[in-house]
Amino acid sequence: MRRIFLFLLLLLPFLANAQTAVLSGVVRDDENRPFPDVSVAVLGGSATSTGANGSYSLTVPAGMPITVRFAYAGSENVERNMELKAGEARTLDVIVRYTTINTVTVTNERLRDAGIDKLNARTSHFQPSLGDVNSLLQGSLGVMTQRIKQRLQRARRQLRREPRLRERHRSVPAVLGAQRSARRLELSESGHDRADDFSAGGWEARYGDKMSSVLDIQYKRPREFETTVSASLLGGSVTVGSAMAHQRLRQITGFRYRTLNTVLQGLDTKGDYIPTYTDLQSYWTYDISDKVELGFLGLYSKNRYDVVPQDRETELGNFNQALRYTVYFEGQEKTAYETMSGALNLNVRPNKNTLLKFTGSVFNTYETEHLDILGEYRLGELDRNLGSDQFGEVVRDLGVGGYLDHARNNLEATVTSFGHKGSWTYGNGGNSNLQWGVEARTEAISDRLNEWYVVDSAGYSIPQSSGDSLNLQTSVKSNVDLNSVRSSAYVQNAWEWKRGRDRSWALVAGVRGQNWSYNGQTVISPRMRLAYHPGWKKLNAAGDTVPNDFSFWFATGLYYQPPFYRELRDFNGVLNPDVQAQKSIHFILGMDRQFTIWDRPFKFTTEAYYKILSDLNAYELDNVRIRYYANNNAKGYAAGIDMKLNGEFIKGVESWASLSVMQTEENLDGDFYYHYYNAAGERTDGIDTRDRTPADSIRIEAGNIPRPTDQRVSFALFFQDEMPNWPTFKVHMNLVFGSSLPYGPPNFNRYADTLRTSLYRRVDIGFSKQLLGAPGQEKTNFMRHIKDLWISLEVFNLINLNNTVDYTWIQDVQGRYYGIPEFLSPRRLNLKVIARF
């Protein structure tokens with residue numbers, strides 16, 4: 001008996017193994033792209049999750065009915081009932097469809113009808129970039145390559161009610177423009193696990209009050225414990241998600257530390273840089289019952305930017321006139337931005353067709369900018385005689401002088417908001433959806449401005465002073481305390497009509513209104529979007545099945561952008577309470593096609609648009625700072641076409657390419673200038689004119705001039721590839737091209753801003769190797785807890801081109817202005833490790 005018992009004991013593992021089976025396959029979304037991190041579980045049994053390529057493998061019980069559930073936060077659950085034989089290996093591929101938070105049942109087809117471009121945030125983990133959402137926006141329709149950071153800041157403020165209040169407000173010739181530009185790159189939103197949706201025009205009433213674009217960020221809701229750790233030469237991040245209390249309590253928390261010291265060290269201005277960014281975000285949800293959910297979102301971020309500049313040397317011009325600009329600095333700058341916000345929301349689902357959401361939030365920001373920078377500059381002409389002993393050296397001084405920049409600026413703002421949103425699905429088969437929302441928001445702003453700028457040229461102060469007084473070139477001092485209330489509401493309805501098996505129409509119509517107590521203005525914004533799916537039949541091509549899956553849409557609406565604090569403040573720091581909301585009428589005509597090539601999914605999208613702009617608040621760009629005229633004295637237009645192709649050029653790996661052509665101009669009231677002529681009829685400002693005494697003049701109306709964002713052509717490409725027979729080694733290339741942007745001298749005459757910058761060209765490349773987590777790879781000991789482990793080498797600005805971000809303006813002894821280009825960083829390397837547990 002003992003021998004029989006021992007034999008059965010040894011046989012038990014084999015018997016147990018014989019009573020199991022293996023289920024494997026690939027999970028894709030409804031655009032047929034691999035869907036990572038999807039939970040795959042046997043109800044009441046084992047569980048796993050899909051990898052980066054959407055694949056999974058799960059051991060399941062055999063010889064009995066089981067239910068396998070595929071689940072992902074923000075997506076519809078998919079369940080399959082089956083019974084497998086002992087030892088069987090079955091392949092099951094499924095499609096998990098997206099849904100959108102705050103609606104009852106909205107599939108990805110709904111996002112397609114709404115003109116929303118869904119961004120895959122996980123792509124940014126491997127895309128060679130600074131690790132934020134900006135890299136994703138480069139591939140979106142209607143996004144400019146050189147203005148991505150500014151557009152993101154505007155969109156982010158709308159989403160999080162986070163105003164970017166402080167824009168340095170003085171006519172400074174950009175002493176530290178490149179450093180400040182790099183600092184702005186550092187302020188971008190962190191890349192914690194989210195789902196991001198982007199729209200460049202014609203969006204629905206629920207998306208807020210903006211004229212150009214919206215970015216909707218939704219946080220992931222984990223169903224099991226998961227951790228992502230990233231470390232690089234630019235900093236690191238940790239994201240932890242978990243589900244507790246039988247998955248009734250869920251949380252995802254992300255922390256990031258980033259420093260751009262290695263990037264800033266490559267700028268023309270040499271010095272000691274301490275640029276650090278710390279970011280903490282945490283999102284918690286708890287199911288009080290099956291119908292009530294409580295959520296909390298907390299955010300904290302702190303930026304510190306300290307610099308002690310030493311010197312700068314920049315060469316510019318051409319062979320005929322080559323110049324060298326040299327500056328020696330004294331002093332330092334200390335800047336800090338600290339923000340905190342918290343939001344509490346209660347979601348109530350009284351029935352399967354209704355969702356009610358109640359939200360309260362508080363946002364606070366405290367910003368300080370303290371600096372005293374003394375710069376002593378020299379502008380010289382270089383010897384270009386190849387036979388000269390002084391070739392490449394300064395042979396003639398064109399300008400010598402100095403400047404002193406002083407600022408003691410402090411700002412604090414607190415925004416408190418309370419709101420309610422609702423959604424109700426009704427009609428036959430739930431083909432109609434009604435959404436509504438109301439919000440009240442209080443804004444308390446305390447701003448203390450004290451900044452001035454003085455220029456000395458060859459021993460003379462500019463502007464020249466008389467008597468004992470000293471005239472500063474710019475001086476702004478103001479104390480502002482602003483308290484106001486904003487209230488807004490919207491309602492919209494979506495209808496869908498089926499006209500056959502695959503043919504359908506979809507209509508979204510709504511209206512949004514807002515009132516601001518400070519200027520007393522109330523705006524009403526009607527919006528409409530019509531989409532048509534023709535349901536054309538598939539065509540069978542040789543070797544390929546090409547579905548004619550087309551979608552067409554037309555969108556229009558009246559969009560207002562009410563002013564915030566900085567739009568009210570003019571060049572002298574004075575608030576204008578009469579500033580009204582800027583207005584835009586959108587006309588959008590678009591289409592997309594989803595198709596298959598080489599048995600892999602692709603999608604082509606294009607939109608043509610025309611936007612009528614009125615009541616514009618014109619602005620100047622000064623070192624990436626936006627400085628408003630603080631009046632509604634302009635009208636204009638924007639017209640263009642956007643195209644994007646994305647798909648799997650390499651199986652299981654997504655890439656994209658986008659091309660945009662755009663023109664946008666504005667016409668300012670009273671924007672004119674004079675041409676002066678001497679007695680001989682010659683222009684007095686001519687280079688060869690000797691008699692500069694004006695005897696006559698002609699008034700010139702400026703008319704339409706390019707807006708600061710008038711970038712005619714923009715192209716972005718993100719391509720991923722993997723080595724043949726070595727799929728764990730991948731190459732990621734990011735290519736960006738942008739045509740020139742308008743700029744002008746620092747005289748605040750908009751008609752003069754018709755000069756053009758150089759072209760923007762940049763290539764970033766990354767090489768990634770998967771060390772752990774490849775299919776079929778065995779892991780032992782501690783390594784078995786690691787789902788994926790990657791190491792990447794990134795090269796920023798691979799071809800080492802000088803891309804101009806701004807210009808420093810100085811005068812020579814004859815009063816002529818020279819624009820000294822401010823360049824972005826040169827070629828830089830970054831090493832990054834990413835691990836998922």
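Up top you'll find the structure we're talking about.
Residues numbered from 1 in each chain as written. Predicted model: local features only at pLDDT ≥ 70, side-chain atom pairs only at ≥ 80, totals over all residues. Heavy atoms only, no water.

**Student:** Describe the sheet that holds strand β6 (residues 78-82), with residues and values.
**Tutor:** With antiparallel pairing, 4 strands are arranged side by side in an open sheet as β3-β2-β5-β6. Where the open sheet ends on each side, the last strands, each with one partner, are β3 (47-49) and β6. Averaged over all adjacent pairs, the angle separating strand axes in this sheet is 15 degrees, with direction ignored. Pairing of strand β5 (residues 66-71) with β6 involves 5 bridges; the strand directions are antiparallel. Residue F70 lies in a different strand from β6, and its bridge partner there is V78. (Pairing = 2+ DSSP bridges. Helix = DSSP H or I, 4+ residues; strand = E, 2+ residues; numbered from the N terminus. Axes fitted to C-alpha atoms, helices over the stretch in contact; angles between N-to-C directions.)

**Student:** Can you break down a nonpolar patch on the surface residue by residue, with the values?
**Tutor:** Together, L233, F767, L771, I791, L793, L829, L831 and V833 give the surface a local cluster of nonpolar side chains, amounting to about 640 Å² of exposed area. Mapped onto the nonpolar patch, the elements with two or more residues apiece are β41 (760-772), β42 (788-796) and β45 (828-836). The element best represented in the nonpolar patch is β45, accounting for 3 residues. Tracing the chain through its elements places F767 in strand β41. For F767, a relative accessible area of 30% puts it in the partly exposed group. (Patch = residues over 30% accessible without salt bridge, like charges linked within 9 Å, V, L, I, M, F, W, Y side chains within 5 Å. Areas by Shrake-Rupley, 256 points an atom, 1.4 Å probe, with all protein chains shown as cover. Salt bridge = Lys/Arg side-chain N within 4 Å of Asp/Glu carboxyl O. Buried < 20%, exposed > 50% of the residue type's maximum accessible area, 1.4 Å probe, protein only.)

**Student:** Tell me about the nonpolar core, and name the residues and values.
**Tutor:** Counting 21 residues, the largest nonpolar core has V27, V60, V68, F70 and V96 as the members making the most contacts within it. Elements with a contribution of two residues or more to this core: β1 (20-28), β2 (39-42), β4 (55-61), β5 and β6. Setting aside residues up to four positions removed in sequence, V68 forms contacts with L23, V40, A41, V42, V78, E79, R80 and M82. Within the second largest apolar cluster, 17 residues are counted, among which are L371, Y377, Y453 and V455. (Core = buried A, V, L, I, M, F, W, Y, C linked by side-chain atoms within 4.5 Å. Contact = heavy atoms within 4.5 Å.)

**Student:** Could you give an account of the environment of D642, naming the residues involved and the relevant values?
**Tutor:** Looking at the secondary structure, you find D642 in strand β32 (residues 634-650). A relative accessible area of 2% means that D642 is categorised as buried. For the pair formed by D642 and T605, sequence separation is 37 residues and the distance between their alpha carbons is 8.1 Å. Within the structure, the side chain of D642 is placed 2.9 Å from the side chain of S660, a separation counted as a polar contact. (Polar contact = N/O pair within 3.5 Å; in protein donor to acceptor, adjacent residues only side chain to side chain.)

**Student:** I'd like to hear about the environment of E224, residue by residue, with values.
**Tutor:** Locating E224 in the fold gives a position in the loop between β11 (214-219) and β12 (226-232). Those residues in contact with E224 that lie beyond four places of it in its chain are T48, S49, G241, S242, A243 and K787. Of the polar contacts made by the side chain of E224, one reaches the side chain of K787; its length is 3.3 Å.

**Student:** Help me get a handle on the packing of aromatic side chains, residues and values and all.
**Tutor:** Scanning the entire structure with this criterion turns up 23 aromatic pairs. Taking the centre distance of 5.9 Å and the plane angle of 25 degrees together, the rings of Y377 and Y403 count as stacked. Separated by 26 residues along the polypeptide, Y377 in strand β18 (residues 354-382) and Y403 in strand β19 (residues 394-426) bring together distant segments of the chain. Taking relative accessible area as the criterion, Y377 reaches 5% and is therefore assigned buried. With a centroid separation of 5.3 Å and 40 degrees between ring planes, the pair formed by W516 and Y518 is classed as tilted. An aromatic cluster of three or more residues is present, and its members are F595, W598, F602, F649 and F719. (Phe/Tyr/Trp six-rings, centres within 6.5 Å; stacked < 30°, edge-to-face > 60°.)

**Student:** An account of the pattern of salt bridges is requested, with residue identities and associated values reported.
**Tutor:** By the definition in use, this model includes 30 salt bridges. The partner of E648 in a salt bridge is R28, with the nearest N and O atoms 3.1 Å apart. Of the two residues, E648 is situated in strand β32 and R28 in strand β1; the sequence distance between them amounts to 620 residues. The burial state of E648 is the same as that of R28; both residues are buried. R569 is paired through a salt bridge with D447; the nearest N and O atoms lie 2.9 Å apart. Within this pair, whereas R569 is found in the loop between α7 (565-568) and β28 (582-597), its partner D447 is found in strand β20 (residues 432-457), the two being separated by 122 residues in sequence. Salt bridges sharing partners connect three or more residues here, namely E666, R707, R750 and D753.

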